[in-house]
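Understanding the architecture of this molecule
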Amino acid sequence: MSLLIRLVVNTLAVLLAANLLTDVYLDGLGSAIVVAIVLGLLNTFLKPVLQIMALPLTIMTLGLFYFIVNVFIIYLVDFLVAGFDVGGFLSALIFSLIVSVVSSILGAILD
């Protein structure tokens, strides 16, 4: 899938997740695009490092610590992007799940 299509798919997933959750604030389409770009960059470069560092905890919790890594990435995006705000831990967890599922489904349809 080309980079532009992947950006559009991720932006749509971010917009959908922000509209479904009341504790997630998104300033507009421009902020959604920035969130999609920053989220993609963090998932590409930082997330594998965090997963390797958290591997013992992930094994001990039978994979549940992987969700904590996802929440940390969402909180980092919240810190880095001005027009994006996540209200709490559960909102960040559900936001990451919605974005992941919607991106996967739309990516499979468009691929």
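Residues numbered from 1 in each chain as written. Predicted model: local features only at pLDDT ≥ 70, side-chain atom pairs only at ≥ 80, totals over all residues. Heavy atoms only, no water.

Scanning the model with the defined rule gives one aromatic pair in all. Both rings, one in Phe-84 and one in Phe-95, keep their centres 5.3 Å apart while their planes meet at 50 degrees; by these two values the pair is tilted. Placement of the pair is Phe-84 in strand 2 (residues 84-86) and Phe-95 in helix 6 (residues 89-110), with a sequence separation of eleven residues. The burial state of Phe-84 is the same as that of Phe-95; both residues are buried. (Phe/Tyr/Trp six-rings, centres within 6.5 Å; stacked < 30°, edge-to-face > 60°. Helix = DSSP H or I, 4+ residues; strand = E, 2+ residues; numbered from the N terminus. Buried < 20%, exposed > 50% of the residue type's maximum accessible area, 1.4 Å probe, protein only.)

Here the protein averages 94 in pLDDT, while 99% of its residues score no lower than 70. Averaged pLDDT values over the elements of the protein bottom out at 93 in helix 6 and peak at 97 in strand 2. (pLDDT = per-residue confidence, 0-100.)

This part covers the layout of surface pockets. By volume, the largest pocket amounts to about 620 Å³. Forming the boundary of the largest pocket are 25 residues, of which Asn-10, Leu-39, Gly-40, Asn-43 and Ser-103 lie nearest the centre. Secondary-structure elements contributing two or more residues to the lining of the largest pocket are helix 1 (3-20), helix 2 (29-45), helix 5 (65-80) and helix 6. Per element, the largest residue contribution to the lining of the largest pocket is seven residues, and it comes from helix 6. Along the lines of polarity and charge, the residues of the lining of the largest pocket split into 13 nonpolar, ten polar and two charged. (1 Å grid on protein atoms, 1.4 Å probe; cavity = no way out; pocket = protein on both sides within 12 Å on 5 of 7 lines; lining within 4 Å. Points joined across faces, edges and corners; volume = space filled by probe spheres on them. Nonpolar A, V, L, I, M, F, W, Y, C, P; charged D, E, K, R; others polar.)

This paragraph deals with the side chain of Asn-70. Turning to its location among the elements, Asn-70 is positioned in helix 5. Apart from the residues lying within four places of it in its own chain, the contact partners of Asn-70 are Lys-47 and Ser-96. (Contact = heavy atoms within 4.5 Å.)

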